[in-house]
Amino acid sequence: MGHAATEPMIFVTGASRSGTTMVTTILDKHSRIAGLREMQFFGEFCDPRRDPPSRRIDARDAIATLFARQERGILAGERGRSSDPDVERLVRELPAEAGAAEIFAATVARFAARAGKAVPCEQTPRNIYYARALLDWYPAARFVHLFRDPRGVMASQKFRWQRRSLMADPSQMSRRQQIRTWVNYHPYTVAQLWNVATGLALELEGHPRVHLLRLEDLLREPEARVRALCEFLGVDFEPAMLDVEHVNSSYVSTREAARGFSLAPIDAWRSKLSTDECALINRRCGRLMKRLGYQPEPATLSRLGAVTFGGRYLLHLLGAALVNPGRLWIQARGVLAAAGGRSRAVQGTVAAASPDSDSDEQNDGHLVRVFGLPCADAPLPAAARDLVACAAAGRPRRVVFVNAHSMNVAARDARLRRALHDADVVYADGVGMAIAARLQGERLRHNVNGTDLFPHLCREAAAAGVPLALLGASPGVTEACVRVLAERHPSLDVAFAHHGYFDESETERIVAALNRSGAGILLVAMGVPRQEIWIMEHAARLEIPVLMGVGGLFDFVSGRVPRAPAAVRRLHLEWLFRLAMEPRRLFGRYVIGNPVFLTRAFRYAVTGQLTSPDSTEATSR
Ligand code: UDP
């Protein structure tokens, strides 16, 4: 790596609207530090979490873009467009093999040199996504991360576009500006972005080259905080640093050119946010707020508020996609990768949830909370190994596969809700659950459904000598299923098989026969919610350790219903295929059920409730 990459440089980060511009302005007053504009380089030209510092990029394009942004700001500076002669000069000076890290470092170093200063200080808030990698890329770089009360962030975001238009009276905004304002701001997005940025910064607490600072502390005691900042950066404190104008503030028009530090931004949210917005923030950000000393105040989300937020969210996504698709995509990638990293870091393993298990058998699965259910996020072979190990050791496990349909049924059926919450092992099945997880700030890496798990389960069970019992599907189907299994897995012992259309009066006989069978795993295929409720009600009397509801599995195994081709499954469109196979039966489940589920997932992310707040059955755990 070239020379510039090892020179000192400063990254100022924070959730957007956390005071990064103010801190950069303060640092720019220092005789050695050059405060630069927002560069938005990382994420766009390279992704330091994935790419090596030597990553090849078009040097001329990158340098010209950085120059344009430094000259005209991120909104006006067009990509690759700058007529500054220094662009060509810098391109020529750089070694031909210069990679992304060096190109960026050399360009910002040039900006600092032009200001007659030694240390460039850049201020892209989202660089916190890349902080860990950038600290490796640049061994002399330092990060200054700003925390701010998320209610302050939200109030500032809400009024940002009014400020940008620089009009004293918002009612003078053009219709287009008003629509843009409205579309760009959504409290849920603000809260999620705050959580991600704050969570990532807290993970860096204690890093010798990272300084964490609360904006509120800086405003209350500027001199002490700026002195501490200088000490961290290894530069002398200079009194000029405290003589800042209120640049880019949402509260004071730039034209007034007010100077000094104002305490107004600390409490301004009180008059600017609605109770619903405060309630949403408390709900989504409460945990990290407390950790940072921002006291959430009690506020309850009204039903109207929840419905309005939900409806507006769709418009917000659509609007953001139309107004600025490129940035939306970079943000989304940054957030999703960060959320994924976090859920891997903070979640326990399946083993941790089952204290009596062999920890090495119970492996690399992680628990990811979706709708409050601890879903085991494990690859299929590992899940099958776990379950067969439990069966072989006689450890009781009630297993449920939860998908969009079962969550919809659970929302109106209290018994199914209980069956899901009381299960020992929960697997998340389908893309709907993956989307819900993301909305709830988590990430599921594996789709564990009964149908895909089954072949693994049969192989493991055959190898371990664990017999299976099949209960469910229509009479001919269960037998056909047994025949297919005998062909595919000759050494597998199917110790019991019975169809699923039996009368209540036959239950005793069936339970007794199951207990005599010596099976280690019982698969119940009677559809949601019947199978889960049946298992819950009879588990205490069943002497089979592993019990699971598997829906239409036997229909697929027997060949009665064809399974979607692998390509369709990879596209997450199996539901569409099933709908085409059985349109009458499945119309309600998919065509109506899928949008209902997405609304439900969003509502849960915002309110923590599975059902609407005044519904009589509403409970969530
Ligand atoms: N079924 C049953 N007993 C009943 C109702 C249904 O055994 O009282 C069977 C049905 O024959 C089918 C399975 O349960 O094999 C349910 O399939 P579905 O496609 O509804 O399950 P999914 O996997 O979609 O939950």
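Just so you know, these numbers come straight off a predicted model, no measurement behind them. (Residues numbered from 1 in each chain as written. Predicted model: local features only at pLDDT ≥ 70, side-chain atom pairs only at ≥ 80, totals over all residues. Heavy atoms only, no water.)

Regarding the overall build of the chain
The criterion, for reference: Under the scheme used here, helices are H or I runs from DSSP no shorter than 4 residues and strands are E runs no shorter than 2 residues, and both carry numbers assigned from the N terminus. By definition, residues are in contact when any of their heavy atoms lie within 4.5 Å. Per-residue and other accessible areas were derived by the Shrake-Rupley procedure at a 1.4 Å probe size, with only the shown protein chains allowed to occlude residues.
When its secondary structure is counted, the chain shows 29 helices and 13 strands. Contacts in the chain between residues far apart in sequence, at least 24 positions, make up 74% of those at least 6 positions apart. Here the chain displays about 27,200 Å² of accessible surface, and carbon together with sulfur accounts for 53% of that area.

What to know about the side chain of Q157
Just so we agree on the cut-off: The cut-offs for exposure are 20% and 50% of the maximum accessible area for each residue type, with area from a 1.4 Å probe on protein chains only; residues under the lower value are buried, those over the upper are exposed, and the others partly exposed.
Among the structural elements, Q157 can be located in helix α6 (residues 150–158). Assessed through its relative accessible area of 15%, Q157 is described here as buried. Excluding residues within four positions of it along the chain, Q157 makes contact with S16, R17, Y185 and V190.

Quick notes on helix α3 (residues 85–93)
Short version of the rule: Throughout, the arc means that of the directions going from the helix axis to the C-beta atoms.
Turning to α3, its buried residues number three or more, namely D86, V87, L90 and V91. All buried residues of α3 lie within an arc of 140° about the axis, which places them on one face of the element. Across α3 from its buried face, at more than 90 degrees, point the exposed residues P85 and R92. Against α2 (59–76) and α4 (100–114) lie the buried residues of α3.

A few points about the packing of aromatic side chains
Selection criterion: For Phe, Tyr and Trp, where Trp contributes only its six-membered ring, two rings pair if their centres lie within 6.5 Å, and the inter-plane angle classes them as stacked under 30 degrees, edge-to-face over 60, or tilted in between.
On inspection of all chains with the given rule, the structure shows 21 aromatic pairs. Here W137 and Y138 contribute two aromatic rings whose centre-to-centre distance is 6.3 Å and whose plane-to-plane angle is 70°, an arrangement assigned as edge-to-face. The exposure classification of W137 matches that of Y138, with both residues buried. Summarising the aromatic geometry, the rings of F502 and W534 are spaced 6.3 Å apart at their centres and angled 80° between planes, so their arrangement reads as edge-to-face. Of the two residues, F502 sits in the loop between β11 (494–498) and α24 (507–517) while W534 sits in helix α25 (residues 530–538), which places them 32 residues apart along the sequence. Of the two residues examined, F502 and W534, each falls in the buried class.

Points about the pairing of strand β7 (residues 373–377)
To keep it simple, the criterion reads: Two strands qualify as a pair provided that DSSP identifies no fewer than 2 bridges between them.
Within β7, four of the five residues are buried, which leaves the element mostly enclosed by the surrounding structure. If you look at the hairpin formed by strand β6 (residues 366–370) and β7, you'll find two residues sitting between the two strands, and F371 has a positive phi there, around 50°.

Re the packing of α3 against α4
The criterion, for reference: Comment: axis = line fitted to C-alpha atoms, over the contacting stretch for helices; angle = value between 0 and 180 degrees taken between N-to-C directions. Here is the rule for angles: anything less than 35 degrees is roughly parallel, anything more than 145 is roughly antiparallel, 65 through 115 is roughly perpendicular, and the remaining ranges are oblique. It is the rotation of the near helix from the far one that decides the hand of a crossing: anticlockwise by less than a right angle makes it left-handed, clockwise makes it right-handed. When residues are grouped by polarity, Ala, Val, Leu, Ile, Met, Phe, Trp, Tyr, Cys and Pro land in nonpolar, Asp, Glu, Lys and Arg in charged, and all others, Gly among them, in polar.
The N-to-C vectors of α3 and α4 enclose an angle of 130°; their axes lie 11 Å apart at closest approach. The orientation of α3 with respect to α4, classified from their angle, is oblique. Crossing angle aside, the handedness with which α3 passes α4 is right-handed. Contacts between α3 and α4 involve D86, L90 and E93 on the former and, on the latter, A106, T107, R110 and R114. In terms of residue class, the contact of α3 with α4 is built from two nonpolar, one polar and four charged.

Overview of the sheet that holds strand β4 (residues 141–147)
Pairing is parallel in the open sheet, where five strands are placed in the order β2-β3-β1-β4-β5. Bordering the open sheet on either side are β2 (33–35) and β5 (210–214), each of which pairs with just one other strand. Each strand axis lies, on average, 20° off the axis of its neighbour in the sheet, ignoring direction. Two elements, strand β1 (residues 9–14) and strand β3 (residues 119–122), share two bridges in a ladder whose sense is parallel. Residue pairing for β3: F11 is matched across the bridge by E122.

Thoughts on the nonpolar core
If you look at soluble globular proteins, the nonpolar side chains tend to sit buried side by side. Note the threshold: Side-chain atoms within 4.5 Å are what join buried Ala, Val, Leu, Ile, Met, Phe, Trp, Tyr and Cys residues into a set we call a nonpolar core.
Grouped together as the largest cluster of nonpolar side chains are 66 residues, with contacts concentrated most on F11, F41, F42, F104 and Y138. Looking at this core, the element that brings in the most residues is α4, giving nine residues. Here F11 is in contact with F42, F104, E122, N127, L134, Y138, A141, R142, F143 and V144, once residues within four sequence places are set aside. Counting residues in hydrophobic clusters, the runner-up holds 38 residues, among them V399, F401, V466 and A525.

With respect to the pattern of salt bridges
What counts is decided by this rule: The salt bridge criterion pairs a side-chain nitrogen of Lys or Arg with a carboxyl oxygen of Asp or Glu, the two atoms within 4 Å.
This structure, assessed with the given rule, holds 29 salt bridges. The shortest N-O distance in the salt bridge between K158 and E277 comes to 3.0 Å. With K158 in helix α6 and E277 in helix α14 (residues 275–292), this residue pair connects regions lying 119 residues apart in the sequence. What makes K158 partly exposed here is its relative accessible area of 22%. The residue E537 makes a salt bridge to R415 at a minimum N-O spacing of 3.5 Å. Of this pair, E537 sits in helix α25 while R415 sits in helix α20 (residues 414–422), and the two are 122 residues apart along the sequence. Classification of E537 by relative accessible area gives partly exposed; the value is 46%. For R415, a relative accessible area of 43% gives the class partly exposed. Linked by salt bridges that have partners in common, D84, D86, R89, E93, R110 and R114 make up one network.

As for the site of the ligand
For the record, the criterion: A molecule or strand has a residue near it when one of that residue's heavy atoms lies within 4 Å. Polar contacts here mean pairs of N or O atoms no more than 3.5 Å apart (in protein, one a potential hydrogen donor and the other a potential acceptor; neighbouring residues in sequence count only if both atoms are side-chain atoms).
Close contacts around the ligand come from 16 residues, with R530, G552, D555, R578 and R589 the closest. Here an oxygen atom of the ligand sits 3.3 Å away from a polar atom, N or O, in the main chain of G527. The side chain of R589 places a nitrogen or oxygen atom 2.3 Å from an oxygen atom of the ligand. Against a free-state accessible area of 550 Å², the protein chains account for coverage of 83% of the ligand. Here the shell around the ligand is composed, by residue class, of five nonpolar, six polar and five charged.

Things to note about the confidence of the model for the chain
How we decide: Summary of the metric used: pLDDT quantifies the predictor's per-residue confidence within the range 0 to 100.
On average, residues of the chain carry a pLDDT of 86, and 86% of them reach 70 or more. With pLDDT under 50 throughout, residues 164–168 is counted as low confidence; its partners more than four residues away or in other chains account for nine contacts. This model gives residues 251–257 a pLDDT under 50, and the stretch forms 11 contacts once residues within four places in sequence are excluded.

Focus: helix α9 (residues 187–203)
Basically, it comes down to this: Here the expected length of a helix is defined as 1.5 Å per residue gap, with one fewer gap than residues.
For α9, built from 17 residues, the straight-helix expectation of 24 Å at 1.5 Å per residue is met to within 8% by its first-to-last C-alpha distance of 24 Å. Extensive coverage of α9 is indicated by the burial of 14 of its 17 residues.

Here we look at the pairing of β6
Every other side chain in a regular strand lies on the same face of the sheet, so the side chains alternate between the two faces. Taking burial as the measure, the five residues of β6 include four buried ones, the bulk of the element. Bridge count between β6 and β7: five bridges; the pairing is antiparallel. Among the inter-strand pairings, V368 is bridged to a residue of β7, identified as C375.

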